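# Understanding the architecture of this molecule
What follows is each chain in one-letter form.
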Amino acid sequence: MQSNRKNKITLYLIKDRCNEKDFIISYDKYLNDYKTDYLIKEISPNIKLFYTKVYNNSPIWLDSFFKSDTDLKKLYNASIKLILLYKNKEGRFFIVSFGRGKNLIDNDMIENHFGLKVALNLLKQDDLRSIDRVSIGGNQKSSRDQLPKYGNIFDFGADIERDLINKVAGKVSDNGIVKGMISGSDAVTLSSDVDIDNIGSKIDSIFSIYKKDYYKTNFGWIDNIESVKNKKLINELDEKLIESLNSNKGQFWSAVPEIIDWGNVDYFKVVNIKEKQDDIYIDVLLKSFRKELKNAKQLKSKKVKLFDAIGNEPLKTWSAYNCIYGEMDYENNTYCINNGKWYQISKDYRKMIETDFENTDKSEIRFDLFQTQMCKTENDYSTMFVNNHPNDYILMDKNNIYHGGGRNQIELCDILAKDDTLIHLKPYSGSSTLSHFFNQGLVSADLLLSDKEFRDKANNKINASSNDEKFRIDENKSLRIVYAIIQKDKGGSLPHIPFFSKVSLKYVKSRLKAMRCTVELATIHKVD
């Protein structure tokens, strides 16, 4: 008999070619009769229940917070752990989780994005209510955004090229299978007229939706980048990483994994290396291992420290693993490591990003060498460069403009050239730093072109440094934005930067070009 009452279910799909013992934790305990805490109940040939015996327990906080209040000793809690296991005609396993039942299954055996694809196959473009996302093109910030009414992905301010969407929720119109709110991530959660009598047919219907590709029309970008969660695959990628590092293939490099104030940097220190370093270099990291580098655990335990001029205590400490960036192909797929996390990139998406990067204009400005004996910071270099070419450039680094509420400080650029050319400098670093760097140039250009008050303040700063009218910003002319990255010569006509920095650059370029700006890249070669 069909239920007259809706039930809320959370459904997972198990990866293909798995057996029960592969994904049910402590599977053998369910098979031993004397293990009475682990129970199985067969409902039908293709439906089983796995659950653990429940005991009443007093919460720990009753004693620690209320101490000797004996009346409260009668309070108990119980954590139900139950899963319904369904096997369809194709031999695929599905899990319906009740209570804390998910703790009974191995996360690595769950099909990634099963629920996300089900939800997006059912939802229309403007049916979204909330999303979970990670900003992979920047600082790895995770956020959950919710709208007061239904909308599309762009209403959340999401960037489909830089944000990894992990979960969506929205409202489905009645399609005969699902109606009402649905949320999808690795699991799909929905309310439906479903119970033990029709759960099998309901799962079959949901699986048929999963196998469709309707989502590609409005949400096809979710296939671009996917976070790697499978521990076995992560271990395999780590092994390939170690192999590549030991063979010096040049696929991977190292960089500061977060945004720092380079003006406060005195030196970096790598454990087992006596010499102070002006940056984090992959060859120095590898040299620091006294024993042969055999596994990622060694990289994770190796510490890199950042010191200021006082140098007593490190300002920052990172694992060497978190400082490694790069991309590689493995078993017909492309993967990249970014701030200690592995991502899988679709071939078409990578080709699109790489092509866009390669088509970026190369600046014809002839930059001087960054000689480490003469310069320690980008400010040192900017000052030296302007002093070497006083008629062509003026120094704007650290000459900030106070604008807007809260005494916001905006840096116009590091070096200003004639005819509306703004040069931004940054030592080579990780994705989060370079993405922030590209965005700084965007913010500056946007204010110059859209805000007369800011433009007047900028020109006042410029007039204080030079009487030459050619340095003044003309609102009627297009801006020329030059991003110059300081790094050792790695070959090629363009700087060598992480994949996700290329993703951020593509976004920034599109914004700047929409404002009639030209965008150029340059490498400032760093030499000892």
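Residue positions within a chain follow its written sequence, with the count starting from 1. Where totals are concerned, whole chains, interfaces and linings use all residues; where local detail is concerned, this predicted model gives features only for residues with pLDDT of at least 70, and gives and counts side-chain atom pairs only at 80 or more. Working from all heavy atoms in the structure, the side-chain values ignore hydrogens and water.

## Notes on the overall build of the protein chain
In this text, helices come from DSSP runs of H or I with a minimum length of four residues, and strands from runs of E with a minimum of two, each type numbered from the N-terminal end. Of regular secondary structure, the protein chain possesses 14 helices and 27 strands. Think of it in three bands: residues with accessible area under 20% of the maximum for their type are buried, residues over 50% are exposed, and the middle band is partly exposed, with areas taken using a 1.4 Å probe on protein chains only. Looking at the protein chain residue by residue over its 528 residues, the buried ones come to 49%. In the protein chain, the proportion of contacts linking residues at least 24 apart, taken out of those at least 6 apart, comes to 65%. Carbon and sulfur atoms make up 45% of the accessible area of the protein chain, which amounts to about 27200 Å² in all. Two residues qualify as a contact provided that any one of their heavy atoms is within 4.5 Å of a heavy atom in the partner residue. Calculation of accessible area relied on Shrake-Rupley with a 1.4 Å probe; when residues are assessed, cover is drawn exclusively from the protein chains displayed.

## Regarding the side chain of Glu 20
Checked against the element boundaries, Glu 20 lands in helix H1 (residues 20-23). Here Glu 20 falls in the buried class, since its relative accessible area comes to 13%. Polar contact criterion, stated in full: a pair of N or O atoms within 3.5 Å, where within protein one must be able to donate a hydrogen and the other to accept it, and residues adjacent in sequence count only if both atoms are side-chain atoms. Looking at Glu 20, its side chain comes within polar contact range of the side chain of Lys 48, at 3.1 Å.

## Section: the nonpolar core
Definition used in this section: a nonpolar core is a set of buried Ala, Val, Leu, Ile, Met, Phe, Trp, Tyr and Cys residues joined via side-chain atoms within 4.5 Å. Ranked by size, the top nonpolar core spans 40 residues in total, and within it Phe 114, Val 118, Val 168 and Ile 182 carry the most contacts. Excluding residues that lie within four positions of it along the chain, Val 118 makes contacts with Ile 182, Val 188, Ile 206, Ile 209 and Tyr 210. Ranked by size, the runner-up nonpolar core spans 38 residues in total, among them Met 396, Phe 438, Leu 442 and Tyr 483.

## Quick look at the packing of helix H12 (residues 431-450) against helix H13 (residues 452-465)
Where H12 contacts H13, the two axes come as close as 6 Å, and the packing angle between them is 105°. Here H13 runs roughly perpendicular to H12, going by the angle between their axes. Side by side, H12 and H13 meet where Ser 444, Leu 447, Leu 448, Leu 449 and Ser 450 of the first sit next to Lys 452, Phe 454, Arg 455 and Ala 458 of the second. Note on residue classes: Ala, Val, Leu, Ile, Met, Phe, Trp, Tyr, Cys and Pro are nonpolar, Asp, Glu, Lys and Arg are charged, and everything else, Gly too, is polar. Residues of the contact of H12 with H13, tallied by class, amount to five nonpolar, two polar and two charged. Here, axes are lines fitted to C-alpha atoms. For helices the fit covers the stretch in contact, and angles between N-to-C directions go from 0 to 180 degrees. When an angle is under 35 degrees it counts as roughly parallel; over 145 it counts as roughly antiparallel; between 65 and 115 it counts as roughly perpendicular; any other value is oblique.

## Section: the environment of Tyr 27
Positionally, Tyr 27 belongs in helix H2 (residues 27-31). Counting along the chain gives 77 residues from Tyr 27 to Leu 104, while the straight-line C-alpha distance between them is 9.1 Å. When neighbours within four sequence positions are excluded, Tyr 27 is seen to be in contact with Glu 20, Lys 21 and Phe 50.

## Let's talk about unusual backbone geometry
Only a minority of non-glycine residues have a phi that is not negative, and only a minority of peptide bonds are not trans. In the Ramachandran plot, His 113 falls in the positive-phi region, its phi being about 65° despite a non-glycine side chain. Within the element layout of this structure, His 113 appears in the loop between strand S5 (93-99) and helix H4 (114-122). Given a relative accessible area of 6%, His 113 falls into the buried group. The backbone of Glu 331 shows a phi angle near 50°, a positive value even though the residue is not glycine. Structurally, the position occupied by Glu 331 is in the loop between strand S16 (324-330) and strand S17 (333-338).

## A short note on the sheet that holds strand S6 (residues 128-135)
Should DSSP find at least two bridges between two strands, the strands are regarded as paired. Strand order in this open sheet of 10 strands is S2-S3-S4-S5-S1-S10-S9-S8-S6-S7, and the pairing throughout is antiparallel. The open sheet has two free edges, formed respectively by strand S2 (38-44) and strand S7 (142-151), since each of these has just one partner strand. With strand direction ignored, the average angle separating the axes of adjacent strands in the sheet is 20°. Bridging between S6 and S7 involves six bridges; their strand directions are antiparallel. Paired with Ser 130 across the strands is Gln 146, a residue of S7. Those strands touched by helix H5 (residues 199-210) are strand S1 (7-13), strand S3 (47-52), strand S4 (81-87), S5 and strand S10 (188-192), and its axis lies near 55° from that of S1.

## Things to note about the sheet that holds S17
Taking strand neighbours across the sheet as the criterion, the five strands line up as S11-S18-S17-S16-S12 in an open arrangement whose pairing is antiparallel. Single-partner strands in this sheet number two, and they are strand S11 (225-227) and strand S12 (252-254). Adjacent strand axes in the sheet meet at a mean angle of 20°, parallel and antiparallel pairs treated alike. Pairing analysis gives five bridges linking S17 to strand S18 (residues 341-345), with the strands arranged antiparallel.

## Considering the packing of aromatic side chains
Within 6.5 Å between ring centres, the rings of Phe, Tyr and Trp (the latter by its six-membered ring) count as paired, and their orientation is classed by plane angle as stacked under 30 degrees, edge-to-face over 60, tilted in between. Scanning the model with the defined rule gives 22 aromatic pairs in all. Centroid distance Phe 252 to Trp 342: 6.4 Å. Interplanar angle 80°. Geometry classified as edge-to-face. With Phe 252 in strand S12 and Trp 342 in strand S18, this pair connects stretches of sequence that are 90 residues apart. Relative accessible area serves as the criterion here: at 6%, Phe 252 is assigned to the buried category. Taken together, the ring pairs connect Tyr 86, Phe 94, Phe 114, Phe 207 and Tyr 210 into an aromatic cluster. Lying across the ring of Tyr 281, Lys 488 places its NZ or CZ 4.4 Å from the centre. Consider the ring centre and the ring normal. A charge sits over the ring if Lys NZ or Arg CZ is within 6 Å of that centre and within 35 degrees of that normal.

## Observations regarding the environment of Cys 336
With respect to the helices and strands, Cys 336 occurs in strand S17. Classification of Cys 336 by relative accessible area gives buried; the value is 1%. Residues Cys 336 and Leu 123, 213 residues apart in the sequence, show an inter-C-alpha distance of 31 Å. Residues contacting Cys 336, with those up to four places away along its chain left out, are Gly 326, Glu 327, Lys 341, Trp 342, Tyr 343, Ile 345 and Phe 500.

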